[in-house]
There are 2 protein chains.
Amino acid sequence: MNPSLLTPAEARARFRQGLRVPTAGWSAGWTQANLIAVPREIAYDVLLFAQRNPKPCPVLDVTEPGEVSCGIFAGDLRTDLPGYRVYEHGSLVAETSDVTGAWRDDLVAFLIGCSFTFEAALLEAQVPVRHVEAGCNVPMFRTNRPCRPAGSMGGPLVVSMRPVPAGLVATAVRVTSRYPAVHGAPVHVGDPSALGIASLEIPDFGDPVEVRPDEVPVFWACGVTPQAAVMASKPAFAIGHAPGSMAITDARDSEFVIP
Amino acid sequence: MNPSLLTPAEARARFRQGLRVPTAGWSAGWTQANLIAVPREIAYDVLLFAQRNPKPCPVLDVTEPGEVSCGIFAGDLRTDLPGYRVYEHGSLVAETSDVTGAWRDDLVAFLIGCSFTFEAALLEAQVPVRHVEAGCNVPMFRTNRPCRPAGSMGGPLVVSMRPVPAGLVATAVRVTSRYPAVHGAPVHVGDPSALGIASLEIPDFGDPVEVRPDEVPVFWACGVTPQAAVMASKPAFAIGHAPGSMAITDARDSEFVIP
């Protein structure tokens, strides 16, 4: 089974049956999304937080309260991702592959764009994507850059990192700039310490990857940012995807590229 | 006094003193915005309506409840636009140049992108802009296309119309496509009846303009759409700008163009 060839429905069925893997490279051409679900009473704060921080939080779709599917996602948001994280008052209380028991009727789910969307375009442009080569999760880091807060929601910018050969950094910037709805151009190129990242070998989420001598670390805004805001802002309840274990949607990557 | 040369602060001071004119062509290079202010309790519906209808409702900034300025607008939203419309239960109850008395502490104001932003780029590309030539307001029309609703908010798409010489339609599409944050590419080119518009001579908002024999009517999504939603959805209270009488912000048009 080649995961890149599965339809979104086929991939979701496997995750619903319990398969737990990072979704990078799955269902090629279909858009993957970050999940953050919160009670309706703080949904405005989350939506405004996203509006004020569009680089890390590009909203692709929003469910009606209590609904578990939406226009771009015909599956069941409670079961069809490989993994979830459940938060109470900002603390991670469970990491699981099924949140049917934890889901509440007042939850509003936000699907947020994911940089996996532009990885096929990077590969097409001959820019290597190390975590796909290595078959592991992309490394993600909390930064020292605060997001612009909204009501009760605030927290740090989270970034994903891909090592890029020095001669291809401009290409990587150019290619990803064409995908503003899925984080777009990098937020930082080079020295991790400028973002307050102490060591690339110890990501806050995902797996470390090798950075070779001729490579520059390139950082893109990451859709785990709303979960970092949940950890910092401590709403009573929230559910997110397990970082790297995305919602595979029924939207095409090509819908999000600038012509 | 050449209005195009005034700074946003200078222009706002004139409107604060009571000048009532359409703002097209004012403060060249500075971004103009549509205003819709609603009580905090329905702010989520309005923000989600905007998220679901990004062509007519590109959100540029949102105030904190009760605030009358925000990051991109250093003036006073109650006085610094040339004109306002006040709605109660969907009915227009006042059109005035000062809403200080009507403003409420629970209002959240949304600044929505405006197609005036790309008119300088159209002119630069030799595409004539008839309503600027004529010194009148741009014609705007309710269409038969429903927006995607959100909670209590729903209503028709409103469009602005500019007649474009047939040989320049492609140029107009190309130029405005580069401004997705201020309505971007046209939603329709040609036959007004396909949008349910009975006569171009009777706009729902603004002034009629001449369409010459060699010209095609071109329609862009319009930031008056939230006010049409207010009229259709009848929230208890709302304040909008008078169509064509925009908020002149402290943001530069160049911030909203795709490189």
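For the structure, check the block above.
Everything numeric in this text was worked out from a predicted model, so none of it was measured.

Here we look at the sheet that holds strand E8 (residues 188-189) of chain A
All names here are of chain A. Read from one edge to the other, the open sheet built from four strands follows the order E6-E7-E9-E8, with strand pairing classed as antiparallel. The sheet terminates laterally at strand E6 (140-146) and E8, the two strands that pair on one side only. In the sheet, E8 pairs with strand E9 (residues 215-221) via two bridges, with the strands oriented antiparallel. Bridging from a neighbouring strand, His188 pairs with Phe219 of E9. Contacts from helix H5 (residues 169-177) reach strand E7 (156-165), E8 and E9, with the element oriented near 15 degrees to E9. The sheet strands contacting helix H6 (residues 225-233) are E6 and E7, and the helix crosses E7 at an angle near 145 degrees.

Examining the interface of chain A and chain B
At the junction of the two partners, chain A supplies 18 residues and chain B supplies 18 residues. Both sides of the chain A and chain B interface together cover about 1,500 Å² of buried area, and 50% of this is carbon and sulfur. For chain A, the biggest contributors to the area lost against chain B are Tyr44(A), Leu47(A) and Gln51(A); these three give 40% of the whole. Between Asp45(A) and Arg40(B) there is a salt bridge, and its shortest N-O distance comes to 3.9 Å. At the boundary of chain A and chain B, one finds eight residue pairs in polar contact (both at pLDDT 80 or more). Contributing elements (two or more residues each) for the side of chain A that touches chain B: helix H2 (43-52), strand E2 (59-62) and strand E5 (107-113) of chain A.

Calculation notes
- Residues numbered from 1 in each chain as written.
- Chains lettered and ligands numbered in written order.
- Predicted model: local features only at pLDDT ≥ 70, side-chain atom pairs only at ≥ 80, totals over all residues.
- Heavy atoms only, no water.
- Pairing = 2+ DSSP bridges.
- Helix = DSSP H or I, 4+ residues; strand = E, 2+ residues; numbered from the N terminus.
- Contact = heavy atoms within 4.5 Å.
- Axes fitted to C-alpha atoms, helices over the stretch in contact; angles between N-to-C directions.
- Buried area = accessible area lost by both parts, 1.4 Å probe.
- Salt bridge = Lys/Arg side-chain N within 4 Å of Asp/Glu carboxyl O.
- Polar contact = N/O pair within 3.5 Å; in protein donor to acceptor, adjacent residues only side chain to side chain.

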